[in-house]
There are 2 protein chains.
Amino acid sequence: MIDEKGILFILSGPSGVGKGTVRKALFEQSTDLRYSISMTTRAPREGEVDGVDYFFKSRDEFEKLISEGQLIEHAEYVGNYYGTPRQYVEQTLNEGKDVFLEIEVQGALKVRENFPQGVFIFLIPPSLEELKDRIVNRGTETEEKVKNRLLAAKEEIDMMDAYDYVVVNDEINHAVKKVQSIVSSEHCKRERVANQYKKALEE
Amino acid sequence: MIDEKGILFILSGPSGVGKGTVRKALFEQSTDLRYSISMTTRAPREGEVDGVDYFFKSRDEFEKLISEGQLIEHAEYVGNYYGTPRQYVEQTLNEGKDVFLEIEVQGALKVRENFPQGVFIFLIPPSLEELKDRIVNRGTETEEKVKNRLLAAKEEIDMMDAYDYVVVNDEINHAVKKVQSIVSSEHCKRERVANQYKKALEE
């Protein structure tokens, strides 16, 4: 009789920020989150297991799934497809379990179109945090060096706008704890909790 | 040059739910939160210290502060005034530190009028959670017993609407952890973080 859907959490951020490292550290700890495994046409690397690291598919299979609308998002990098299978995500959420995606920025924007109720977390590099501190504290940094960093920073800051939360990856354990806090507090959000009670009392 | 205001957190809930116990357990742990001490005209009990447990004031002093607008909220219980001094809250927030209030439901509603940007946490008794589970799982409870509890439950659920988060006080440690998660995740909210970066880059 439980009619509570799970929550979809999406971890994203600029390339090289350490999304994969944070995700792995998060899943090494006890968690109720279910990780949504990506699908790819790239060949498995040594040690990679189908259905654990990725779902490995041929190009034909992948393109068939795209045309059938079975991927929430997909993209092509260096000649290979990567994507998020729809069925696992929807089925798991319907079972009342939370799903966790770790995904590139472009993919996250597409997921947002399909799942606007998802919780979008943007991981930023410590260099952005340091840049802010440097500016705020009027440090001794050369003007030139700060200006070069500013261009990249502006792009990163513009990306933030599509997200609900921003986490600095200054240290993996800090970042993991913040993500865990976000997961926990999202379950305490009043709209979610109040609706559960209101539904229960209506029965 | 830091121009980041602290966040005001308000813990409230129905009488007897255990707000004080959760607040004490929270402050026994390491925290950056500053507790806003209430003001009262009630006489100190044995062991209570002025400026630690309460600010103890005479009735005249208290009424003068009310008329000067120096209390964010106040109420009278059993012939004594209780209230929240404005100066400490505003000054601490302006210093960039978070403030924590533990307060009755009526007071919380008044705080919300003054500080709509505050984060309002509603603590609910486990009996409400149990009631929901009982209804949802169609337990063997007698109809009569459930019905009696339903009236109180409806009032509690209606109260929730003025809050941002709902935490079940099923076990003190669980409740404390959830409050800590809310504090941590509120600092990761995109609007807050993005504004800090945007401000820094404008300089």
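All of these numbers come straight from a predicted model, not from anything done at the bench. (Residues numbered from 1 in each chain as written. Chains lettered and ligands numbered in written order. Predicted model: local features only at pLDDT ≥ 70, side-chain atom pairs only at ≥ 80, totals over all residues. Heavy atoms only, no water.)

Points about the interface of chain B and chain A
- Contacts between the two partners involve 40 residues from chain B and, on the opposite side, 40 residues from chain A.
- Taking both sides of the interface into account, the surface hidden between chain B and chain A amounts to around 3,500 Å²; carbon and sulfur atoms contribute 65%.
- Three residues, R190, Y197 and L201 of chain B, lead the burial of chain B against chain A; their summed loss comes to 21% of the area buried on that side.
- A salt bridge links K198 of chain B to D161 of chain A; the shortest N-O distance between them is 3.1 Å. (Contact = heavy atoms within 4.5 Å. Buried area = accessible area lost by both parts, 1.4 Å probe. Salt bridge = Lys/Arg side-chain N within 4 Å of Asp/Glu carboxyl O.)

Quick look at the sheet that holds strand β2 (residues 34–35) of chain A
All names here are of chain A.
- The five strands are arranged β2-β7-β1-β8-β9 in an open sheet whose pairing can be described as parallel. Here the strands that pair on one side only, and so sit at the sheet edges, are β2 and β9 (165–168).
- Sheet topology places strand β1 (residues 8–12) next to strand β7 (residues 99–102); four bridges connect them, and they run parallel. Considered in β7, the bridge of L8 is made with V99.
- Here helix α1 (residues 19–28) sits on the sheet in contact with β1, β2, β7 and β8 (119–124), set at roughly 155° to β7. (Pairing = 2+ DSSP bridges. Helix = DSSP H or I, 4+ residues; strand = E, 2+ residues; numbered from the N terminus. Axes fitted to C-alpha atoms, helices over the stretch in contact; angles between N-to-C directions.)

A few points about the UniProt feature "binding site: ATP" (unreviewed entry) in chain A
Residue and element names in this part refer to chain A.
- UniProt annotation of "binding site: ATP" (unreviewed entry) refers to G13, P14, S15, G16, V17, G18, K19 and G20 when read in the numbering used here.
- Tracing the chain through its elements places G13 in the loop between β1 and α1.
- With a relative accessible area of 0%, G13 lands in the buried category.
- Excluding residues within four positions of it along the chain, G13 makes contact with K19, I103, V105, F122 and L123.
- Secondary-structure assignment places G18 in the loop between β1 and α1. (UniProt positions renumbered as here; feature names shortened; annotations may be inferred. Buried < 20%, exposed > 50% of the residue type's maximum accessible area, 1.4 Å probe, protein only.)

Points about the pairing of strand β1 (residues 8–12) of chain B
Residues and elements named next belong to chain B.
- In terms of residue burial, β1 counts as a mostly covered element, since five of its five residues are buried.
- The alternating pattern of β1 places L8, I10 and S12 on one face and F9 and L11 on the opposite face, and all of these are buried.
- Alignment of β1 against strand β8 (residues 119–124), held across four bridges, turns out to be parallel. When the sheet's bridge partners are listed, I10 is paired in β8 with F120.

Structural notes on the packing of α1 of chain A against helix α7 (residues 172–186) of chain A
Residue and element names in this part refer to chain A.
- Running from N to C, α1 and α7 cross one another at 65°; their axes reach a closest spacing of 9 Å. For the element pair α1 / α7, the angle class is roughly perpendicular. When the axes of α1 and α7 are compared, the crossing they make is right-handed. In this structure, α1 contributes T21, V22, A25 and L26 to the contact, and α7 contributes I172, A175, V176, V179 and Q180. (Parallel < 35°, antiparallel > 145°, perpendicular 65-115°, else oblique. Left-handed = near helix turned anticlockwise from the far one by under 90°.)

Some points on the sheet that holds strand β4 (residues 55–56) of chain B
All names here are of chain B.
- A sheet is described by the order of its strands in space; here four strands give the open sequence β4-β3-β6-β5, paired in mixed fashion. In this open sheet, the two edge strands, each paired with only one partner strand, are β4 and β5 (71–77).
- Inspection of the sheet shows strand β3 (residues 39–40) paired to strand β6 (residues 80–85) by two bridges, in the antiparallel sense. For M39, the partnering residue across the bridge sits in β6 and is G83.

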